[in-house]
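Structure at a glance
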Amino acid sequence: MKVLYFAWLRQRIGTGEETLDLPEGISNAGELMDWLKSKGPGYEQAFQNADAVKIAVNQTFGSRETPVATNDEVAFFPPVTGG
Amino acid sequence: MSVSVQAEDFDVGVELAAMTDGKVSIGGVCSFVGLVRDMNDGSGVGAMTLEHYPGMTERMLEEIEAEAHRRWPLEASRIIHRHGRLEPGDRIVLVATASPHRLAAFEACHFLIDWLKTKAPFWKAEELAEGGTRWVDARQGDDEAAAKWQ
């Protein structure tokens, strides 16, 4: 699975993109986020305020409940500020 | 219907002319151009860098544009959003709409910029006059502006 991070999540985690094997027992984006949070201090800092993190699965806005599978592209990012 | 996400600047006159070229049913064109301000939340801003999510950005802009065409009788539309480093006074975004009568063009243009601001995956990092950078926070007012078009 491809996992992408943008803006301050990317900075805190130290990378914008990584490829992961979907960890066992994880079926939705919220569970993936909770699992990522335990990967290290940068991840913990990035995900400490989970309410501030937006989720997209396969380039479509989702939520913690959105299902994720092996070949999905999952992105985590702050609220958008374009325009 | 046309969407571009690009680092380069754009010429509003050229874009509007291209959008309406040959379409004689158009009676009115409305455009919104967003510029980089030199102040935000009380701090001087030197420049900013716009990050985006390649792929999803284009997809969201195309969805928003298609939604505008479903809601209003538009003859043409154009969205350009820049990314990369921009300085105060630089153009960031163009939203333009064309329809037989002005009301649809005005409303659709307003809708497009309101929805773009809350749905297109862009993030602004400001360079502060006192040094360092700051990620711009999303504004509640933008969410409220977008919600009124639900």
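As a reminder, the structure under discussion sits directly above these lines.
Rules behind the numbers
What you see as residue numbers is a count from 1 along each chain, following the sequence as written. Here the convention is simple: chains get letters from A, ligands get numbers from 1, in the order in which they are written. Reporting of local features is limited, given that this is a predicted model, to residues whose pLDDT is at least 70; pairs of side-chain atoms are given and counted only at 80 or more, and all residues count toward the totals for whole chains, interfaces and linings. In computing side-chain properties, one takes all heavy atoms of the structure into account and sets aside hydrogens as well as water. Just to be clear on terms, a salt bridge is a Lys or Arg side-chain nitrogen sitting within 4 Å of an Asp or Glu carboxyl oxygen. In this description a helix means any DSSP run of H or I spanning at least four residues, a strand means any run of E spanning at least two, and both kinds are numbered starting from the N terminus. Note on exposure labels: buried denotes an accessible area under 20% of the residue type's maximum, exposed denotes more than 50%, and partly exposed covers the range between, all computed with a 1.4 Å probe on protein chains only. Any two residues whose heavy atoms approach within 4.5 Å at even a single point are treated as in contact. Accessible-area loss on putting two parts together, using a 1.4 Å probe and summing over both, is the definition of buried area adopted here. Polar contacts, as used here, are pairs of N or O atoms within 3.5 Å; protein pairs need one atom able to donate a hydrogen and one able to accept it. Residues neighboring in sequence count only if both atoms are side-chain atoms. A strand pair is defined by DSSP finding two or more bridges across the two strands. Inter-axis angles, ranging from 0 to 180 degrees, are taken between N-to-C directions of lines fitted to C-alpha atoms, where helices are fitted over the stretch in contact.

**With respect to the pattern of salt bridges**
Overall, the coordinates contain 14 salt bridges over all chains when judged by the stated rule. Arg 82 of chain B serves as the salt-bridge partner of Asp 9 of chain B, at 3.6 Å between the closest nitrogen and oxygen. With a gap of 73 residues between them, Asp 9 of chain B in the loop between strand S1 (3-6) and helix H1 (12-20) and Arg 82 of chain B in strand S5 (residues 76-82) connect regions that are remote in the sequence. Its salt-bridge partner being Glu 127 of chain B, residue Arg 85 of chain B comes within 2.9 Å of it at the nearest N-O pair. Of this pair, Arg 85 of chain B sits in strand S6 (residues 84-86) while Glu 127 of chain B sits in strand S8 (residues 122-128), and the two are 42 residues apart along the sequence. Looking at Glu 127 of chain B, the relative accessible area reads 24%, which means it is partly exposed. Beyond isolated ion pairs, a larger network of salt bridges with shared partners links Lys 2, Glu 17 and Glu 73 of chain A.

**So, the interface of chain A and chain B**
At the junction of the two partners, chain A supplies 20 residues and chain B supplies 25 residues. Here chain A meets chain B over a buried area of about 1800 Å², counting both sides, of which 58% is carbon and sulfur. Where chain A meets chain B, there are 1 salt bridge. Between Glu 51 of chain B and Arg 10 of chain A there is a salt bridge; the shortest N-O distance is 2.5 Å. Counting across the chain A and chain B interface gives 13 residue pairs in polar contact (both at pLDDT 80 or more). Of all elements in the fold, only helix H1 (7-13), strand S4 (60-62) and strand S5 (73-77) of chain A reach the threshold of two or more residues within the side of chain A that touches chain B. The leading source of residues in the side of chain A that touches chain B is H1 of chain A, at 4 residues.

**Considerations on the sheet that holds strand S1 (residues 2-5) of chain A**
Residues and elements named next belong to chain A. An order of S2-S1-S5-S3-S4 is seen for the 5 strands of this open sheet, with the pairing classed as mixed. Two strands in the sheet have a free side with no partner beyond their single neighbour: strand S2 (17-19) and S4. Direction aside, the axes of adjacent strands within the sheet are offset by 25 degrees on average. Against the sheet, helix H2 (residues 29-37) makes contact with S1, S2, strand S3 (54-57) and S5, and its axis sits at roughly 65 degrees relative to S5, the strand it touches most.

**Considering the environment of Cys 30 of chain B**
Residue and element names in this part refer to chain B. Of note, Cys 30 is situated in strand S2 (residues 28-35). On a C-alpha basis, the gap between Cys 30 and Ser 77 in space is 9.4 Å, while along the polypeptide they are 47 residues apart. In this structure Cys 30 touches Val 95, Ala 96, Thr 97, Ala 105, Phe 106 and Cys 109, once residues within four positions along its chain are discounted.

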